[in-house]
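Close look at the chain arrangement
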Amino acid sequence: DEAEAMRPIVALRNYIMLVTVLIMGAVLIVTYFISNAIVRPLVRLKDTIQTLSQGIIPSAKPRLRVADEIGEMAAAIGQLIEGLERTTRFASDIGRGNFDASYVVLSKDDSLGHALIKMREELKAFHTREMKSARSRAAALLEGQESERTRIVKELHDGVGQLLTAISMQLDLLDADEERKADLKK
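The model shown is predicted, which means the values in this text are computed figures rather than measured ones.

**Observations concerning the overall build of the chain**
- Counting its secondary structure elements, the chain contains four helices and zero strands.
- Each helix and strand of the chain, ordered N terminal to C terminal, gives the series α-α-α-α.
- Against the compact-globule benchmark of 16 Å for 186 residues, the chain has a radius of gyration of 47 Å, which places it well outside the compact range.
- On the principal axes, the C-alpha backbone points of the chain span a range of 175 × 40 × 20 Å.
- Expressed as a percentage of contacts within the chain between residues at least 6 apart in sequence, the contacts between residues at least 24 apart total 40%.
- By element, 62% of the accessible surface of the chain is carried by carbon and sulfur atoms, the whole surface being about 14,900 Å².
- Of the side-chain charges in the chain, 26 are positive and 27 negative, and the distance between the mean point of each set is 5 Å.

**What to know about the pattern of salt bridges**
- Counted by the stated rule, this structure contains eight salt bridges.
- Linking arginine 120 and glutamate 121 is a salt bridge whose minimum nitrogen-to-oxygen distance equals 3.1 Å.
- On the accessibility criterion, arginine 120 (12% relative accessible area) is buried.
- You can call glutamate 121 partly exposed: its relative accessible area is 38%.
- Across the pair glutamate 146 and arginine 149 runs a salt bridge whose closest N-O atoms are separated by 3.5 Å. Pair noted here: glutamate 146 and arginine 149 are both in helix α3 (residues 111-173), with a separation of three residues, about one helical turn.
- Judged by its relative accessible area of 48%, arginine 149 is partly exposed.
- The structure contains a network of salt bridges with shared partners spanning Glu148, Arg151 and Glu155.

**Examining the packing of helix α1 (residues 2-53) against helix α2 (residues 69-95)**
- Where α1 meets α2, the axes come as close as 11 Å, and the angle between the chain directions of the two elements is 20 degrees. Considering the angle they form, α1 stands roughly parallel to α2. Classified by chirality, the crossing of α2 by α1 is left-handed. When α1 is examined against α2, the residues Ile38, Pro41, Leu42, Leu45, Thr48, Ile49 and Leu52 are found in contact with a partner set consisting of Ile70, Met73, Ala74, Ile77, Leu80, Ile81 and Leu84.
- When the residues that make up the contact of α1 with α2 are grouped by side-chain class, the tally is 13 nonpolar, one polar and no charged.

**What to know about the packing of aromatic side chains**
- Inspection of the entire model under this criterion finds two aromatic pairs.
- Centroid distance phenylalanine 90 to tyrosine 103: 4.7 Å. Interplanar angle 20 degrees. Geometry classified as stacked. Here phenylalanine 90 is found in helix α2, whereas its partner tyrosine 103 is found in the loop between α2 and α3, with 13 residues between them in sequence.

**Things to note about the side chain of arginine 120**
- Relative to the helices and strands, arginine 120 is located in helix α3.
- Those residues within four positions of arginine 120 in sequence are excluded, and the remaining contacts are Phe90, Ile94, Phe99, Ala101 and Ser102.

**A closer look at a nonpolar patch on the surface**
- Residues Val30, Ile34, Ile38, Val39, Leu42, Val43 and Met73 make up a contiguous nonpolar surface patch of about 550 Å² in total accessible area.
- Per-element tally for the nonpolar patch: the top contributor is α1, with six residues.
- Relative to the helices and strands, valine 30 is located in helix α1.

**What to know about the confidence of the model for the chain**
- Of the residues in the chain, 98% reach a pLDDT of 70 or more, and the chain-wide mean stands at 87.
- Taking the mean pLDDT of every element in the chain, the minimum, 75, falls on helix α4 (residues 178-185) and the maximum, 92, on α1.

**What to know about the side chain of threonine 48**
- You can see threonine 48 is positioned in helix α1.
- Residue threonine 48 is classed as buried on the basis of its relative accessible area, which comes to 12%.
- The contacts of threonine 48, once residues within four sequence positions are left out, are Pro58, Pro62, Ile77 and Ile81.

Rules used throughout
Residues numbered from 1 in each chain as written. Predicted model: local features only at pLDDT ≥ 70, side-chain atom pairs only at ≥ 80, totals over all residues. Heavy atoms only, no water. Helix = DSSP H or I, 4+ residues; strand = E, 2+ residues; numbered from the N terminus. Rg over C-alpha atoms; globule rule 2.2 N^0.38 Å. Contact = heavy atoms within 4.5 Å. Areas by Shrake-Rupley, 256 points an atom, 1.4 Å probe, with all protein chains shown as cover. Lys, Arg positive; Asp, Glu negative; His and termini not counted. Charge placed at Lys NZ, Arg CZ, Asp CG, Glu CD. Salt bridge = Lys/Arg side-chain N within 4 Å of Asp/Glu carboxyl O. Buried < 20%, exposed > 50% of the residue type's maximum accessible area, 1.4 Å probe, protein only. Axes fitted to C-alpha atoms, helices over the stretch in contact; angles between N-to-C directions. Parallel < 35°, antiparallel > 145°, perpendicular 65-115°, else oblique. Left-handed = near helix turned anticlockwise from the far one by under 90°. Nonpolar A, V, L, I, M, F, W, Y, C, P; charged D, E, K, R; others polar. Phe/Tyr/Trp six-rings, centres within 6.5 Å; stacked < 30°, edge-to-face > 60°. Patch = residues over 30% accessible without salt bridge, like charges linked within 9 Å, V, L, I, M, F, W, Y side chains within 5 Å. pLDDT = per-residue confidence, 0-100.

Structure, rendered in structure tokens:
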């Protein structure tokens, strides 16, 4: 009978389909884990780069112990973060007025580092000019005060002295007894 003859073939077909589905499931599961192992570090690196692009220096550097391109990218991003931290510290030192802060540029093409060093030198020169200007203003103020004091003393001496002499002469011309005149002169 045909059904009896086909039974082993149908069973083999069903068995092959079941094995195929199981293998496909296993392949999907293995593929999921492998792709996660590849994508997870990339997602972490992407998040770190996005944080850096917003001007935020992440506190934790990406740590990947992989010797492939992804590990090299993580190492390069770690170096970028360290460089930005050094540059930020240098800029903060300059902002606080520490113009003697040292800084080594990250490379000969480090435009941010060179700009900060140039800014430090310009701020140092500006600070020096400002200090000289403040000293000269203080000296001019003291000189002005001294000349004003001299003028006031001279005016008092000349003006009051003449007034007193005129009053003394006016007292001598008064018709009063000598005792009264001497009392008024005192």
